[in-house]
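What follows is each chain in one-letter form.
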Amino acid sequence: MLHSLQFMILKLTDFTAGPPINLDKGSMTKSAVLQDKVLSEIILEAMVDTSAKMPCSVLQKADDNVEFIFWYKNDGVNALYTLDARSRPLGEASHVRNETYGDRVKFYVTASQPYLQLDSLRADDSGSYFCRVDYQWSATELTKVNLIVVVPPKKLIIRDDSGQEVQNVAGPYKERSTISLSCEAQKVYPLTVRITSRLSTLAAGRRVDLTCETQGSRPSAKISWWLDGSPLSDHIETVHDNITSSVLRLQPKPQHNRSPISCKAQNPKLYDSALEDVRVLNITYIPQVSLRLIKEEAGREPKEDDYVRLVCEIRANPPVLKVGWLFNDLPLSHNQSSTDMISGNTLVFKRLTRRNRGNYKCYAINDEGRGVSQELVLNISRK
């Protein structure tokens, strides 16, 4: 048993990184680099308190020059490392470190395979690192490295076939009987979580499937979905190796427009291990229209010579292209008489007359269709 345990501890420290991967080029802005581009990934594992060398694809081009190299972590806005090579060779470029990392980080840009070295690794250094290379003329190059910082277990737990922890002695067992012992060791936080479906625009009432993926967790992460802070239950989860995927079936509603939707991944065995990817929904829908009467005195019925307004209240996405009015189910023309006028989404009666009695509706049109308000009956009493 002792030999088996020593072997398992040895294997936990025996990690090596895979070779660098050549990545496709793509034209992108700084804001798009960490959000919209799905890339091939390098997975690098390193022990806590050691160093990690994260490769970056930097191409030397005869007809072009590197201007900037930025390193980011996760979806961070501020670079953890910046190299400025404008009007100078790479070997003479200016290096700027984020003060959060200080001397723990250094970029070896002139190495045969340029790499960022991160020393004195901590558990919270785990994450996705992006190396962005900006050339003077060519498209941006981007390398993504998923770093897993492995923290050795403080204690190895041996359990018997009933799940009970074995302290010093296992058994007793009968001779020639079959025994089963298991050893619990490393638990790892989720490394990344990402909503992979495009969410540029969704239409109200049209069901859509959204996919989220997380990787790096040991044991496999559990995924939950949240809409405006409320949990969603209509999703299916699958696990392959240490990658967990979840497909959410969502039927967008107009009230979901501009609401945050998030995918959260969490290691069920580790406290406070949650990572989440949050997006803001853009839901298009037919205008939602209601009609409201504003009169001089709220406590009485409108009467002749009163000044009143009918306000067409509209919620719409995309914006409204046209607002119109109906009087007794017939179109109401602009400035139909000297006593009323239409100003945007408001119908103004400067001086009511008996002929203004009737049924009113308003409508609004956008690219999604036409929405009509409820009917409002305008009764007018004599002076």
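Basis of the calculations
- Residues numbered from 1 in each chain as written.
- Predicted model: local features only at pLDDT ≥ 70, side-chain atom pairs only at ≥ 80, totals over all residues.
- Heavy atoms only, no water.
- UniProt positions renumbered as here; feature names shortened; annotations may be inferred.
- Buried < 20%, exposed > 50% of the residue type's maximum accessible area, 1.4 Å probe, protein only.
- Helix = DSSP H or I, 4+ residues; strand = E, 2+ residues; numbered from the N terminus.
- Pairing = 2+ DSSP bridges.
- Core = buried A, V, L, I, M, F, W, Y, C linked by side-chain atoms within 4.5 Å.
- Contact = heavy atoms within 4.5 Å.
- Axes fitted to C-alpha atoms, helices over the stretch in contact; angles between N-to-C directions.
- Disulfide = S-S within 2.5 Å.

If you check an unreviewed UniProt entry, the protein chain appears there as Hemicentin-2 from Trichonephila inaurata madagascariensis. The heading Subcellular location (unreviewed entry) in the UniProt record of the protein chain holds the text "Membrane".

## Overview of the pairing of strand β25 (residues 340–343)
Only one face of β25 is buried, namely the one carrying Asp340 and Ile342, since none of Met341 and Ser343 on the opposite face is buried. Note that β25 and strand β26 (residues 346–349) share four bridges and pair antiparallel. Within β26, the position partnered with aspartate 340 by the bridge is phenylalanine 349. Where β25 hands over to β26, the hairpin turn is made up of two residues, of which glycine 344 adopts a positive phi near 60°.

## Concerning the environment of isoleucine 294
Along the chain, the position of isoleucine 294 falls in strand β21 (residues 283–294). Sequence-wise, isoleucine 294 and tyrosine 307 are 13 residues apart; in three dimensions their C-alpha atoms are separated by 9.0 Å.

## Points about the nonpolar core
Within the largest apolar cluster, 30 residues are counted, with the highest numbers of intra-cluster contacts made by Met54, Ile69, Trp71, Phe107 and Leu147. Of all the elements in the fold, those that place two or more residues in this core are β1 (42–47), β2 (52–55), β3 (66–73), β4 (81–84), β6 (105–108), β7 (115–118), β8 (127–135) and β9 (141–150). Looking at which element gives the most residues to this core, the answer is β8, with four residues. The residues contacting tryptophan 71, other than those within four sequence positions of it, are Met54, Pro55, Cys56, Ala79, Leu80, Tyr81, Phe107, Leu116, Tyr129, Phe130 and Cys131. The next biggest cluster of nonpolar side chains, apart from the first, holds 18 residues, and it includes Leu291, Tyr360, Leu376 and Leu378.

## Description of the environment of glutamate 99
Along the chain, glutamate 99 falls in the loop between β5 (94–97) and β6. Sequence-wise, glutamate 99 and leucine 80 are 19 residues apart; in three dimensions their C-alpha atoms are separated by 8.1 Å.

## Brief notes about unusual backbone geometry
Between arginine 218 and proline 219 the backbone carries a cis peptide bond, its omega angle lying at -5°. Here proline 219 is to be found in the loop between β14 (208–215) and β15 (222–227). That bond from asparagine 317 to proline 318 is cis: its omega, 5°, falls within 30 degrees of zero. Relative to the helices and strands, proline 318 resides in the loop between β22 (308–317) and β23 (322–327). Backbone geometry at serine 87 places phi at a positive 60°, although glycine is not the residue there. Relative to the helices and strands, serine 87 is located in the loop between β4 and β5. Residue serine 87 is classed as exposed on the basis of its relative accessible area, which comes to 85%. Not every positive phi belongs to a glycine, and arginine 176 is a case in point at roughly 65°. Within the secondary structure layout, arginine 176 lies in the loop between β10 (157–159) and β11 (182–184).

## What to know about the sheet that holds β1
Reading across the sheet, the six strands line up as β1-β9-β8-β3-β4-β5 and stay open at both edges, with mixed pairing between neighbours. At either end of the open sheet lies a strand with only one pairing partner, and these are β1 and β5. Averaged over all pairs of adjacent strands, the angle between their axes in this sheet comes to 15°, without regard to strand direction. Bridging between β3 and β8 involves seven bridges; their strand directions are antiparallel. In the strand pairing of β8, valine 66 is matched with tyrosine 135.

## Brief notes about the side chain of threonine 346
Checked against the element boundaries, threonine 346 lands in strand β26. If near-sequence neighbours (up to four positions away) are discounted, threonine 346 is found in contact with Arg309, Leu310, Val311, Trp325 and Met341.

## Regarding the state of the cysteines
For the structure shown, the criterion picks out three disulfides. Each sulfur of the disulfide joining cysteine 56 and cysteine 131 lies 1.9 Å from the other. Its S-S torsion of about -65° marks the bond between cysteine 56 and cysteine 131 as left-handed, since a negative value means left-handed. With cysteine 56 in the loop between β2 and β3 and cysteine 131 in strand β8, this pair connects stretches of sequence that are 75 residues apart. Like cysteine 56, the residue cysteine 131 is buried in the burial classification. Here cysteine 212 is linked by a disulfide to cysteine 263, with a sulfur-sulfur distance of 1.9 Å. Measuring handedness by torsion sign, the sulfur bridge of cysteine 212 and cysteine 263 sits at about -85° and is left-handed. In this pair, cysteine 212 sits in strand β14 while cysteine 263 sits in strand β19 (residues 260–266), placing the two residues 51 residues apart along the sequence. Along the protein chain, the cysteines that take part in disulfide bonds pair up as 1-2, 3-4, 5-6, counted in sequence order.

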